[in-house]
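Fold and geometry: a report
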Amino acid sequence: MSPFIYLIGIGCAIVVLILARGISHMGRGGIDGAKKSNKMMKWRIIAQLVVVIIVVIFVALGGNK
């Protein structure tokens with residue numbers, strides 16, 4: 001198997017963890033919770049971008065041959 005598959009899996013897991021943490025901060029409420037939730041969601045978007053770039057590179061290199 002290609003190492004890209006492992007990178008994609010790890011990246012997806014990181015995105016899910018960041019999402020869960022952001023949702024938990026949002027659930028706490030208040031101004032502080034909202035600020036932390038917003039920061040976590042920004043990090044989630046960055047992590048998703050990195051995973052998408054890895055997927056595009058994987059596909060451009062011919063996938064899992």
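Above: the structure in question.
Residues numbered from 1 in each chain as written. Predicted model: local features only at pLDDT ≥ 70, side-chain atom pairs only at ≥ 80, totals over all residues. Heavy atoms only, no water.

Moving on, we come to the packing of aromatic side chains. For the structure shown, the criterion picks out one aromatic pair. Measuring from ring centre to ring centre gives 6.1 Å for Phe4 and Phe58, while their planes differ by 50°; the resulting arrangement is tilted. Taken together, the positions of Phe4 in helix H1 (residues 3-28) and Phe58 in helix H2 (residues 30-60) put the pair 54 residues apart, joining distant regions of the chain. Owing to a relative accessible area of 12%, Phe58 belongs among the buried residues under this scheme. (Phe/Tyr/Trp six-rings, centres within 6.5 Å; stacked < 30°, edge-to-face > 60°. Helix = DSSP H or I, 4+ residues; strand = E, 2+ residues; numbered from the N terminus. Buried < 20%, exposed > 50% of the residue type's maximum accessible area, 1.4 Å probe, protein only.)

Let us look at the environment of Ser37. Structurally, Ser37 can be placed in helix H2. For the pair Ser37 and Ala20, spaced 17 residues apart in sequence, the C-alpha separation works out to 9.9 Å. Filtering out sequence-adjacent residues up to four positions away, Ser37 remains in contact with Gly22, His25 and Met26. (Contact = heavy atoms within 4.5 Å.)

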